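Spelled out from the first residue to the last, the chains are:
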Amino acid sequence: MAKRNDKYKPRSDGRYYTHVSTGKYDENGRPIRISLYAKSSKELEEKVAEARYLLKTEQYVIEPEDITVYDYAEKWIRTYKSVKELNTNRMYMESLKYVVGLAIGEIKMSKLLSSDIQEMITDHKDHYRTCEIARMFMYQVIRRAVKDGILRNDICDNITLPSKPRTEKRALYEIEKKAVFSAELSNADRALVYILYGCGLRRQEVLALRIEDVDLKKKLISVRNVIVFDGNRSVWKAIPKSQDGQRSVPIPDDLIFAISRYIHNVSTNASIGPKDGPVLLFTTNGGMVTKSSFRVTWKRIIREMNQAVSTKQAPNPVNGLTAHIFRHNYATMLYYSGISILKAADLMGHSDIKLIMEVYAHLDEEKEQAVDKINEVIRAVL
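Residues numbered from 1 in each chain as written. Predicted model: local features only at pLDDT ≥ 70, side-chain atom pairs only at ≥ 80, totals over all residues. Heavy atoms only, no water.

Q: Describe the packing of helix H7 (residues 187-199) against helix H11 (residues 323-336), listing the residues and the values that go with them.
A: Here H7 crosses H11 at 40°, and the two axes come no closer than 7 Å. Listed contacts from H11 to Val193, Leu196, Tyr197, Gly198 and Cys199 of H7 are Ala323, Phe326, Asn329, Tyr330 and Met333. Across the contact of H7 with H11, the residue classes break down as eight nonpolar, two polar and no charged. (Axes fitted to C-alpha atoms, helices over the stretch in contact; angles between N-to-C directions. Helix = DSSP H or I, 4+ residues; strand = E, 2+ residues; numbered from the N terminus. Contact = heavy atoms within 4.5 Å. Nonpolar A, V, L, I, M, F, W, Y, C, P; charged D, E, K, R; others polar.)

Structure representation (structure tokens):
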């Protein structure tokens, strides 16, 4: 028996798919294509032939409902998300290109089913955050499609996410704290780590610090700007005064010497900032730190920390350490210093109030458990 040789291959849902170019382009110069589906390769081949004939004889009418999920979603991003933060815009575009687009991008919006979206989510069940972003993305796209009259109902209502894995939100381990102060770091790396440790700044805030933002006499750091990554490119952004991200943070006495020594070195060899004026503390070849250069710096810091505290039993005890863990550790230090939640929010920026409350609630619970255990020991003796 001859081996069957279908021209088109079935998708995971059993349907056969292809698209036919109309030879026309939309207002943005992208080719307009017709998406075709069928129950078999033969049926799809017949639909392709028919569509090409109708296009050739100019009898094929391209209706709005012919737009694919990919094209509609891309248009939605350009229309409604282009003014959003770079990271938000990039997050949606990456989801479209690498998740949504590959799974359901070629389906017509008017033919999209809830089961198509759920299957896409299920296929990525081992990557919870990917599923979360994809569902959030599709929620918004589908609701706009309903308003535009392409879909009658919100088909995202019953889309479920896989079970969320437990992630450890932690402060620094004791071995990591020891490594922070015993590692043989360069002046720049030490200043970076000390600011993360002692001031609790976000990575993007530290990288945007200028000399004028550090008041060594008052021992204060003023947070006014951030550097965000657009791919590997760095983008300078001023924090609006209306937001609580702008703040002043005290520099601990024990860290001021190392930070001031580095700042004096920078002052004598100034690196110009993004507007040919302010001198940045941390730079890449005299300019803003890029994503790749920060990754190199961080790997170097971790390597030096490991060398400082390694043993034969644990040659690399510092693992998985991120800048955000330093921030979590800072919130922990504020708690043990008796700082109120409201004051902690002033120091860390009110946008992270959820993180602060989680840290404080967790430590309160640990304290209560410790008291209960002490009481149990005492009762056992009496």
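There's more to say after this.
Q: An account of the pattern of salt bridges is needed here, citing residue identities and associated values.
A: Per the counting criterion, the structure on display carries 16 salt bridges. The salt bridge partner of Arg144 is Asp148, with a shortest N-O separation of 4.0 Å. Using a relative accessible area of 22% as the deciding quantity, one classes Arg144 as partly exposed. Of the residues examined, Asp148 reaches a relative accessible area of 44% and is grouped as partly exposed. With a shortest N-O distance of 3.5 Å, Arg210 and Glu212 are connected by a salt bridge. Taking the relative accessible area as the measure of exposure, Glu212 reaches 52% and is therefore exposed. Because the salt bridges share partners, they merge into one network encompassing Arg90, Glu94, Asp230 and Arg233. (Salt bridge = Lys/Arg side-chain N within 4 Å of Asp/Glu carboxyl O. Buried < 20%, exposed > 50% of the residue type's maximum accessible area, 1.4 Å probe, protein only.)

Q: Outline the pairing of strand E4 (residues 220-223), listing residues and values.
A: Regular strands place side chains that alternate from one sheet face to the opposite one. As paired strands, strand E3 (residues 214-215) and E4 are joined by two bridges and run antiparallel to one another. If you follow Asp215 over to E4, its bridge partner there is Leu220. The antiparallel pairing of E3 with E4 creates a hairpin that spans four residues between the two strands, and Lys219 there sits at a positive phi of about 60°. Pairing of E4 with strand E7 (residues 247-250) involves four bridges; the strand directions are antiparallel. Each residue of the ladder has a partner; that of Ile221, found in E7, is Val249. (Pairing = 2+ DSSP bridges.)

Q: Lay out the side chain of Glu205 with the relevant residues and their values.
A: For Glu205, the location among the structural elements is in helix H8 (residues 203-206). Judged by relative accessible area, which is 2%, Glu205 ranks as buried. Here Arg202 takes part through its side chain, which lies 2.5 Å from a polar atom of the side chain of Glu205. When residues no more than four places from it in sequence are discounted, the contact partners of Glu205 are Val223, Asn225, Val226, Gly245 and Arg247. (Polar contact = N/O pair within 3.5 Å; in protein donor to acceptor, adjacent residues only side chain to side chain.)

Q: Give a detailed account of the side chain of Arg170, specifying residues and quantitative values.
A: Relative to the assigned elements, Arg170 resides in the loop between helix H5 (128-147) and helix H6 (174-182). Separated by 2.9 Å, the side chains of Arg170 and Glu176 make a polar contact.

Q: With reference to specific residues and values, describe a negative patch on the surface.
A: Taken together, the side chains of Asp364, Glu365, Glu366 and Glu368 make up a negatively charged region of the molecular surface. Among the secondary structure elements, Glu368 is positioned in helix H13 (residues 353-381). The class for Glu368 is exposed, based on a relative accessible area of 52%. (Patch = residues over 30% accessible without salt bridge, like charges linked within 9 Å, V, L, I, M, F, W, Y side chains within 5 Å. Areas by Shrake-Rupley, 256 points an atom, 1.4 Å probe, with all protein chains shown as cover. Lys, Arg positive; Asp, Glu negative; His and termini not counted. Charge placed at Lys NZ, Arg CZ, Asp CG, Glu CD.)

Q: Can you break down H7 residue by residue, with the values?
A: Over its 13 residues, H7 runs 17 Å from end to end, which matches the ideal 18 Å to within 8%, given 1.5 Å per residue. Most of H7 is tucked away, with 11 of its 13 residues classed as buried. Considered for burial, the residues of H7 that qualify are Asp189, Arg190, Ala191, Leu192, Val193, Tyr194, Ile195, Leu196, Tyr197, Gly198 and Cys199. Two residues or fewer after H7 comes Gly200, characterised by a positive phi angle close to 70°. (Expected span 1.5 Å × (residues − 1).)

Q: Got a sec to walk through the sheet that holds E4? Specific residues and values, please.
A: Ordered by their spatial adjacency, three strands build an open sheet running E3-E4-E7, and the pairing between neighbours is antiparallel. In this open sheet, the two strands that pair with only one neighbour each are E3 and E7.

Q: How would you sum up the pairing of strand E6 (residues 233-238)? Please name residues and give values.
A: Taken together, the six bridges between strand E5 (residues 225-230) and E6 define a ladder with antiparallel strand orientation. When the sheet's bridge partners are listed, Asn225 is paired in E6 with Ala238.

Q: Residues and numbers for the packing of aromatic side chains, please.
A: This structure, assessed with the given rule, holds 10 aromatic pairs. For the pair Trp76 and Phe137, a centre-to-centre distance of 5.7 Å together with 45° between the ring planes defines the contact as tilted. With Trp76 in helix H2 (residues 69-81) and Phe137 in helix H5, this pair connects stretches of sequence that are 61 residues apart. Trp76 gets classed as buried once you look at its relative accessible area, which sits at 6%. A residue is classified by how much of its surface remains accessible, and Phe137, at 0% relative accessible area, is buried. A centroid spacing of 5.4 Å and a plane angle of 35° characterise the contact between Tyr92 and Phe137, whose relative ring orientation is tilted. Separated by 45 residues along the polypeptide, Tyr92 in helix H3 (residues 86-104) and Phe137 in helix H5 bring together distant segments of the chain. With respect to burial, Tyr92 and Phe137 carry one shared label: buried. Following the ring pairs from residue to residue traces out a cluster consisting of Trp76, Tyr92 and Phe137. A cation over a ring is seen here: Arg170 above Tyr173, with NZ or CZ 3.9 Å from the ring centre. (Phe/Tyr/Trp six-rings, centres within 6.5 Å; stacked < 30°, edge-to-face > 60°. Lys NZ or Arg CZ within 6 Å of the ring centre and 35° of its normal.)

Q: Any chance you could break down unusual backbone geometry for me, citing the residues and the numbers?
A: Peptide bonds are trans in most cases, and residues, glycine excluded, mostly fall at negative phi. Of note in the backbone geometry, Lys219 takes a positive phi value of approximately 60° without being a glycine. Within the element layout of this structure, Lys219 appears in the loop between E3 and E4. Overall, the relative accessible area of 31% leaves Lys219 in the partly exposed class.

Q: How would you sum up the packing of H2 against H5? Please name residues and give values.
A: Running from N to C, H2 and H5 cross one another at 95°; their axes reach a closest spacing of 10 Å. In terms of their interaxial angle, H2 and H5 are classed as roughly perpendicular. Judged by residue contacts, Val69, Tyr72, Ala73, Trp76, Ile77, Tyr80 and Lys81 of H2 engage Phe137, Met138, Gln140, Val141, Arg144 and Ala145 from H5. Within the contact of H2 with H5, the residues separate by chemical class into 10 nonpolar, one polar and two charged. (Parallel < 35°, antiparallel > 145°, perpendicular 65-115°, else oblique.)

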